Amino acid sequence: MEQIKDNNEIDIIGLVKKVLSEWKILCISIICFSLVGLIVALNTQKRYTTTVILAPELSGGGSLPEGLSNIASMVGVNLGNSAGSGIDAIYPQIYPDVLTSSNFIINLFDIQVKQKEDSISKSYYQHINTDNLIPFWSYPGIYVRKIFEDQNKAKETKKLNPFMLTKQQDNTLNAIRSNISCIVDKNTNVISISVTDNDPVVSATMADTIQHLLQQYIILYRTQKARNDVEYTKKLYKEAKKQYVKAQEIYSSYSDSNVDVILESYKAKRDELENEMQLKYNMYNQIAQQLQAVQAKVQERTPAFSTIQEASVPLKASSTPRSFIVLIYAFLGIFCDVLWVLFIKDKFKKNK
């Protein structure tokens with residue numbers, strides 16, 4: 001066993017010596033690959049990520065014991081005391097789908113952003129299409145695409161139509177979608193919204209904007225029925241008030257014009273008008289109370305969001321460091337040199 005072990009160690013040492021014997025090729029390989037890595041690193045744009053963490057208020061409705069619900073959540077099972085247990089059809093687990101939907105992203109096109117080193121603001125749509133560094137290896141493909149796009153350029157409409165996007169608008173939409181990330185913790189329902197961009201200020205701006213747009217979206221959704229009830233009750237309230245005022249005017253006019261009349265027929269008519277006025281008042285008063293109730297329902301249905309981490313301009317890039325990219329290519333050069341010296345070179349000489 002010791003002899004076999006010694007042989008193995010000698011083989012490894014021999015292989016290392018064989019590689020190092022071709023040190024010139026090794027150095028050339030490392031230098032060449034490092035230069036390629038340097039070019040790739042310089043053509044790779046830095047990316048900055050801003051993360052916002054929210055804790056939304058959840059609607060109740062579950063009747064299971066809290067302990068049982070907590071045990072179920074630990075194994076990833078929703079038994080009804082979590083987000084989807086209430087009367088809402090939208091809950092934190094589908095927020096990622098909301099953020100990456102075309103309807104939501106299209107609303108981001110016109111958001112005004114300003115880069116860290118730029119004093120001029122522009123739309124987020126323009127920023128995505130003009131402020132990204134294009135690596136040199138992408139130019140051939142871009143040139144080919146432009147040839148075919150120029151032929152159909154007249155057919156494309158510049159006006160934004162969500163139902164029928166142009167190719168450029170669709171590409172921009174997909175680029176924005178790839179920059180947005182939303183993660184929901186199944187146990188705590190804490191929402192983490194991340195936005196990545198080549199500029200730190202734009203990244204923080206869009207993270208804060210998306211946070212508020214999502215909050216508005218959820219608030220509008222959860223209060224939609226209550227707000228519809230308010231609008232409908234307001235119409236009933238105005239109509240009831242109008243009828244009450246009209247009945248009051250008729251009663252007052254009749255009473256003023258027949259003050260000294262003692263005939264029972266006039267008294268009966270006055271009582272009838274008074275009863276009619278009182279009936280209109282009771283209806284008006286009842287609808288007024290209903291209006292207050294549905295207005296309070298809107299406030300009750302409006303969810304509250306606790307911001308655990310607000311948007312702030314990132315100081316460090318979240319992308320792979322350029323020095324690390326060069327280092328990876330240098331190791332790739334060493335790997336290719338080892339393959340050449342140990343496996344390919346001898347076979348190449350024999351075939352030759």
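The written sequence of each chain sets the order in which its residues are numbered from 1. Residue-level local features of this predicted model are given only where pLDDT is at least 70; pairs of side-chain atoms are given and counted only at 80 or more, and the full residue set underlies all totals for whole chains, interfaces and linings. Side-chain metrics in this entry use all non-hydrogen atoms of the structure; hydrogen atoms and water are not considered.

1. Looking at the overall build of the chain
The criterion, for reference: Secondary structure elements follow DSSP: runs of H or I of four or more residues count as helices, runs of E of two or more count as strands, with numbering from the N terminus. Accessible surface is estimated by sampling points in the Shrake-Rupley manner with a 1.4 Å probe; for residues, cover comes only from the protein chains shown.
A tally of helices and strands in the chain yields 12 helices and six strands. Total accessible area on the chain is roughly 23,500 Å²; 58% of this is exposed by carbon and sulfur atoms.

2. Quick look at the pairing of strand S4 (residues 180–184)
So the rule is basically this: Three exposure classes are used, based on accessible area relative to the maximum for each residue type with a 1.4 Å probe and protein chains only: buried under 20%, partly exposed in between, and exposed over 50%. Here, a strand pair is defined by DSSP locating no fewer than two bridges between the strands.
Only one face of S4 is covered, namely the one carrying Ile180, Cys182 and Val184; the face carrying Ser181 and Ile183 has none of its residues buried. Direction of pairing for S4 relative to strand S5 (residues 191–197): antiparallel, over a ladder of five bridges. Each bridged residue has a counterpart across the sheet, and for cysteine 182 the counterpart in S5 is isoleucine 193. Joining the antiparallel neighbours S4 and S5 is a turn of six residues, in which asparagine 189 adopts a positive phi near 60 degrees.

3. Regarding the side chain of aspartate 197
Stated precisely, the cut-off is as follows: In this tally Asp and Glu are treated as negative and Lys and Arg as positive; neither His nor the chain ends contributes. Counted as salt bridges are all cases of a side-chain nitrogen of Lys or Arg within 4 Å of a carboxyl oxygen of Asp or Glu.
Checked against the element boundaries, aspartate 197 lands in strand S5. Here aspartate 197 occupies a buried position and makes no salt bridge, while the nearest side chain of opposite charge, arginine 47, is found at 5.2 Å.

4. Overview of the sheet that holds S5
Counted only if it meets this: Here an axis means a line fitted to C-alpha atoms, over the contact stretch when the element is a helix, while the angle between two N-to-C directions is reported on a 0 to 180 degree scale. Contact criterion: two residues are considered in contact whenever any of their non-hydrogen atoms come within 4.5 Å of each other.
The four strands are arranged S4-S5-S1-S6 in an open sheet whose pairing can be described as antiparallel. Whereas interior strands pair on both sides, the edge strands pair on one side only; in this sheet they are S4 and strand S6 (305–309). Within this sheet the neighbouring strands show an average axis-to-axis angle of 25 degrees, counted without direction. Running over the sheet, helix H8 (residues 167–179) touches S4 and S5 and is turned about 40 degrees from S4. Across the face of the sheet, helix H9 (residues 200–222) comes into contact with strand S1 (48–56), S4, S5 and S6 while running at roughly 25 degrees to S1.

5. Some words on the pairing of S5
Extensive coverage of S5 is indicated by the burial of six of its seven residues. In the sheet, S1 pairs with S5 via seven bridges, with the strands oriented antiparallel. By the bridge assignment for S5, valine 52 is matched with isoleucine 193.

6. Concerning the pattern of salt bridges
According to the stated counting rule, one finds four salt bridges in the structure shown. The shortest N-O distance in the salt bridge between glutamate 300 and lysine 297 comes to 3.7 Å. Note that glutamate 300 and lysine 297 are positioned in helix H11 (residues 264–301) at a spacing of three residues, about one turn of the helix. Using a relative accessible area of 38% as the deciding quantity, one classes lysine 297 as partly exposed.

7. Re the nonpolar core
What counts here: Only buried Ala, Val, Leu, Ile, Met, Phe, Trp, Tyr and Cys residues count toward a nonpolar core, and they belong to the same one when joined by side-chain atoms within 4.5 Å.
Of all hydrophobic cores here, the largest spans 29 residues; its most connected members are Leu99, Tyr124, Ile176, Ile193 and Ile210. Among the elements that make up this core, the one with the highest residue count is H9 (six residues). Core analysis: the second largest hydrophobic core is formed by nine residues, Tyr254, Met277, Tyr284 and Ile287 among them.

8. Let's talk about the confidence of the model for the chain
A low pLDDT score tells you not to read the predicted coordinates there in detail. The following threshold applies: For every residue, the predictor assigns a confidence score, pLDDT, that lies between 0 and 100.
Mean pLDDT over the chain: 80, with 76% of residues reaching 70 or higher. Within the chain, the element-level pLDDT minimum falls on helix H3 (residues 66–74), averaging 46, and the maximum on S5, averaging 93. Every residue in residues 60–72 scores below 50 in pLDDT, and together they form 14 contacts with partners more than four places removed in sequence or on other chains. Low pLDDT (under 50) marks residues 79–87, which in the prediction has 28 contacts with non-local residues, meaning those over four places away or in another chain.

9. Some thoughts on the packing of aromatic side chains
Under the convention used in this document: Any pair of Phe, Tyr and Trp rings, taking the six-membered ring for Trp, is counted once the centres come within 6.5 Å. Such a pair is stacked with planes under 30 degrees apart, edge-to-face with planes over 60 apart, and tilted for the rest.
On inspection of all chains with the given rule, the structure shows four aromatic pairs. Measuring from centroid to centroid gives 5.7 Å for tyrosine 244 and tyrosine 284, while their planes differ by 0 degrees, and the two rings are stacked. Of the two residues, tyrosine 244 sits in helix H10 (residues 224–257) while tyrosine 284 sits in helix H11, which places them 40 residues apart along the sequence. Accessibility expressed as a relative area gives 17% for tyrosine 284, which makes it buried.

10. Some points on H8
Inclusion rule: Residue count minus one, scaled by 1.5 Å, sets the expected span of a helix. Here, the arc refers to the directions that run from the helix axis to the C-beta atoms.
Spanning 13 residues, H8 covers 19 Å between terminal C-alpha atoms, matching the ideal 18 Å at 1.5 Å per step. Buried within H8 are the following residues: Gln169, Thr172, Leu173, Ile176 and Asn179. The buried side chains of H8 occupy one side of the element, clustering within an arc of 120 degrees when seen end-on. Considering only its buried residues, H8 is in contact with helix H5 (102–106), helix H6 (124–130), S4 and S5.

11. A closer look at H9
Convention followed: Polar contact is defined as a pair of N or O atoms within 3.5 Å, subject to the rule that within protein one atom must be able to donate a hydrogen and the other to accept it, and that residues adjacent in sequence are counted only when both atoms are side-chain atoms.
Counted at 1.5 Å a residue, the expected span for H9 with its 23 residues is 33 Å, and the 33 Å between its end C-alpha atoms agrees. The N-capping residue of H9, defined by a side-chain oxygen 3.0 Å from the backbone nitrogen of valine 201, is aspartate 199.

12. Quick look at the environment of tyrosine 91
In this fold, tyrosine 91 is placed in the loop between H3 and helix H4 (95–99). Exposure remark for tyrosine 91: the relative accessible area of 28% places this residue in the partly exposed category. The spatial distance from the C-alpha of tyrosine 91 to the C-alpha of asparagine 189 is 9.2 Å, given a sequence separation of 98 residues.

13. Side note on the environment of isoleucine 30
Locating isoleucine 30 in the fold gives a position in helix H2 (residues 23–42). With 300 residues separating them in the primary sequence, isoleucine 30 and alanine 330 have C-alpha atoms 5.2 Å apart. Apart from the residues lying within four places of it in its own chain, the contact partners of isoleucine 30 are Ala330 and Ile334.

14. Focus on unusual backbone geometry
A positive phi angle, near 60 degrees, is found at asparagine 189, a position not held by glycine. Looking at the secondary structure, you find asparagine 189 in the loop between S4 and S5.

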